[in-house]
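Chain residues, written in single-letter form:
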Amino acid sequence: MDRARAEAAAAGGAVMLAERVHKLNPAEVEDPALKEVLEKSERLSTPKPAWFLTLGHNPEMAVAYFDYWDLTHRGGKVDHRIKELMRIAVSALLGCEFCAAQRSNVALDQGLNEDDAQACALPDFNHPDPRTRAALRFARALTLDSPSDPVDWDPIYEELRAVFDEDEIVELGCFAAIAVGGVKLSRSLNEPDR
């Protein structure tokens, strides 16, 4: 999917939201570091500037969130496309259609496969690449694990260790943590009208 189609898909999923914390008007933003985050998020696409306009009520937290997101999502050793598929899967599994429809411009530039992006959250999706398959199973398990329905972690980590070294597993876990937490926070801040 090209960037224009990805943006159209994200815009097409828009619904009316009940904002619990309003988004700042970009003209209200005075903090130089937050302005820089907004410019970068406009260029990079995930998360969208609207996210940082909501978090911008506390510029220090918004900037720190961006920096950690950037480190875990676009940085590190693991292929960014793998982490982008994890992000899309987490978003879809947690019911954030707006988030799931977004695409990282970096991943698109690297050749993100839209068929994979559309299917990555499906329970029977088996990506042919063993690293991508293991990362998606890990993301799914982290997203769906609960005390009432616990995940059997041993086979998940066995599959991860077969294709990732331990620092890459930590990288995937840190990214999944901010992805899961970010989607849940987003849903709490902006809930679709019913």
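These figures come from a predicted structure and were not determined experimentally.

(A) Structural detail: the pattern of salt bridges. All told, the structure shown has 12 salt bridges when counted by the stated rule. A salt bridge links Lys-83 to Glu-171; the nearest nitrogen and oxygen atoms lie 2.7 Å apart. Of this pair, Lys-83 sits in helix α5 (residues 80-93) while Glu-171 is found in helix α11 (residues 166-189), placing the two residues 88 residues apart along the sequence. Per residue, the accessibility class of Lys-83 equals that of Glu-171, and both read buried. Residues participating in the shared-partner salt-bridge network are Lys-77, Asp-165 and Asp-167.

(B) Expanded view of the packing of aromatic side chains. Taken as a whole and judged by the stated rule, the model has 7 aromatic pairs. Their ring planes at 65° and their centres at 5.2 Å tell us that Trp-69 and Phe-175 sit as a pair that is edge-to-face. Placement of the pair is Trp-69 in helix α4 (residues 59-74) and Phe-175 in helix α11, with a sequence separation of 106 residues. The pair formed by Trp-69 and Phe-175 is uniform in burial state, with each residue classed as buried.

(C) Spatial organisation of α4. Over its 16 residues, α4 extends 21 Å from the first C-alpha to the last, a length consistent with the 22 Å expected when each residue adds 1.5 Å. Here α4 has its buried residues at Ala-62, Val-63, Tyr-65, Phe-66, Trp-69, Thr-72, His-73 and Arg-74. Looking at the buried side of α4, the elements it contacts are α2 (32-44), α3 (49-55), α5, α7 (105-109) and α11. One or two positions beyond α4, positive phi appears at Gly-76, with a value near 85°.

Basis of the calculations
- Residues numbered from 1 in each chain as written.
- Predicted model: local features only at pLDDT ≥ 70, side-chain atom pairs only at ≥ 80, totals over all residues.
- Heavy atoms only, no water.
- Salt bridge = Lys/Arg side-chain N within 4 Å of Asp/Glu carboxyl O.
- Helix = DSSP H or I, 4+ residues; strand = E, 2+ residues; numbered from the N terminus.
- Buried < 20%, exposed > 50% of the residue type's maximum accessible area, 1.4 Å probe, protein only.
- Phe/Tyr/Trp six-rings, centres within 6.5 Å; stacked < 30°, edge-to-face > 60°.
- Expected span 1.5 Å × (residues − 1).
- Contact = heavy atoms within 4.5 Å.

Interpretation note: all reported values are geometric properties and have no functional meaning in isolation.
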